[in-house]
Amino acid sequence: MFNDIAKTYDIANRVLSMGIDKRWRKKACNLAYKFYGKSHLTKIVDVACGTGDLMIDWENVANTNGIGIDEIVGVDPSVGMMAVGKTKIPHRTFVEAGAEDMPIDDESVDILSISYGIRNVVKRKEGLKEFARVLKKDGLCVILEFTKNDKKNLPAKLTKFYMNNLMPHIGGLVSKNKDAYTYLPESIEAFITTKQMCKELKEVGLEPIFVKGYSMDMSTTFIARKI
């Protein structure tokens, strides 16, 4: 499915979020660099990297803040998505792999990120254990995701209406693949809540230090430190 929508994925994201998704990612990068507090990083790994948007943000935000990074690695099972990413950020490394089994050394990563991809990790708890394995002590795990909103207030109802009734049609029109954008709200509804995600992070030794919902809790940013 992701191979099929790779060429239109970026523009669909911009349209569906009205460009706000770029702000969510840059905010997460700035926060992570602030929390980590180092001026030079050995390695950042972006899991489910897709077309490389967050890899680009890690690099640009680091440059803005005078932070050096030796290596930025994108990991994804979709070769179609990474093929697009390689055209955007050709000087960085892309690796075909799933989140649950990455060819990365133990405790070698300063920051590991995954944006809007943890929902698609079938063996999520195994994936989180893998994140903890590759992170250095005090390293950061940064997750951006559409978590399940079990609130009954008006903002929650408006968000669900948009995702269930408008998003599939708009995404389908842009990508010519309505099924992919019907899958999106269905996967969000089947996903866990913010509270449950924090619990799962703690279970693998990743302690949440920042958790915040944006745009009527449509998107949630988690930053957890390996303890």
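Please refer to the structure higher up on the page.
Residues numbered from 1 in each chain as written. Predicted model: local features only at pLDDT ≥ 70, side-chain atom pairs only at ≥ 80, totals over all residues. Heavy atoms only, no water.

### What about the packing of helix α3 (residues 20-36) against helix α4 (residues 53-64)?
A pair of packed helices is captured by two measures, namely the crossing angle of their axes and the spacing between those axes. Put simply, the rule reads: Simply put, an axis is a line fit to the C-alpha atoms, just over the touching stretch for a helix, and the angle between two N-to-C directions goes from 0 to 180 degrees. Per the convention used, a helix needs a DSSP run of H or I reaching at least four residues, while a strand needs a run of E reaching at least two, with both numbered from the N terminus. If an angle is under 35 degrees, it is roughly parallel; if it is over 145, roughly antiparallel; if it lies from 65 to 115, roughly perpendicular; otherwise it is oblique. Crossings are assigned a handedness: left-handed for a near helix turned anticlockwise from the far helix by less than a right angle, right-handed for a clockwise turn. Two residues form a contact once any of their heavy atoms are found within 4.5 Å.
Interaxial distance between α3 and α4 falls to 9 Å at its minimum, and their mutual angle equals 50 degrees. It follows that α3 is oblique to α4 by the angle criterion. As for how α3 packs across α4, the hand of that crossing is right-handed. Along the contact surface, α3 presents Arg-25, Lys-26, Cys-29, Asn-30, Ala-32 and Tyr-33, while α4 presents Asp-53, Leu-54, Asp-57, Trp-58, Val-61 and Ala-62.

### Quick notes on the packing of helix α6 (residues 124-134) against helix α9 (residues 194-203)
Direction vectors running N to C along α6 and α9 enclose 50 degrees, while the axes themselves pass 9 Å from each other. By the angle between their directions, the pair α6 and α9 is classed as oblique. Relative to α9, α6 is oriented so that their crossing is right-handed. Residues Arg-124, Lys-125 and Leu-128 of α6 touch α9, and the partners they reach there are Met-197, Glu-200, Leu-201 and Glu-203.

### Things to note about α4
We count it as follows: An expected span of 1.5 Å times one less than the residue number is assigned to each helix.
In this model, α4 (twelve residues) spans 17 Å end to end at C-alpha, consistent with the 16 Å of a helix rising 1.5 Å per residue. With its phi angle positive at about 70 degrees, Gly-66 sits one or two positions after the end of α4.

### Quick notes on the pattern of salt bridges
Cut-off, in case you're wondering: Definition used for salt bridges: Asp or Glu carboxyl oxygen within 4 Å of a side-chain nitrogen of Lys or Arg. Buried means the residue's accessible area, taken with a 1.4 Å probe over protein chains only, is under 20% of the maximum for its type, while exposed means over 50%, and partly exposed covers the values in between.
Scanning the model with the defined rule gives 13 salt bridges in all. Here Asp-53 and Lys-88 are joined by a salt bridge, their closest N and O atoms 2.6 Å apart. Taken together, the residues span a long stretch of sequence, with Asp-53 in helix α4 and Lys-88 in helix α5 (residues 79-88) at a distance of 35 residues. Its relative accessible area of 15% is what places Asp-53 among the buried residues. In this structure Lys-88 comes out as partly exposed when scored by relative accessible area, which is 30%.

### Overview of the packing of aromatic side chains
The description of an aromatic ring pair uses the distance of the two centres, along with the angle that the planes make with each other. To be explicit about the condition: Between rings of Phe, Tyr and Trp, where Trp is taken as its six-membered ring, a pair exists when centres lie within 6.5 Å; planes separated by under 30 degrees are stacked, by over 60 edge-to-face, and by other angles tilted.
Overall, the coordinates contain five aromatic pairs when judged by the stated rule. The interplanar angle of 75 degrees and the centroid separation of 5.3 Å between the aromatic rings of Tyr-33 and Trp-58 together place this pair among those described as edge-to-face. Here the residue Tyr-33 occupies a position in helix α3, and Trp-58 occupies one in helix α4, the gap between them amounting to 25 residues. We classify Trp-58 as buried; its relative accessible area is 0%. With a centroid separation of 6.2 Å and 50 degrees between ring planes, the pair formed by Phe-35 and Phe-210 is classed as tilted. Taken together, the residues span a long stretch of sequence, with Phe-35 in helix α3 and Phe-210 in strand β6 (residues 206-214) at a distance of 175 residues. Overall, Phe-35 belongs to the partly exposed group, its relative accessible area being 29%. The structure contains a cluster of three or more aromatic residues connected by ring pairs, namely Trp-24, Tyr-116 and Phe-146.

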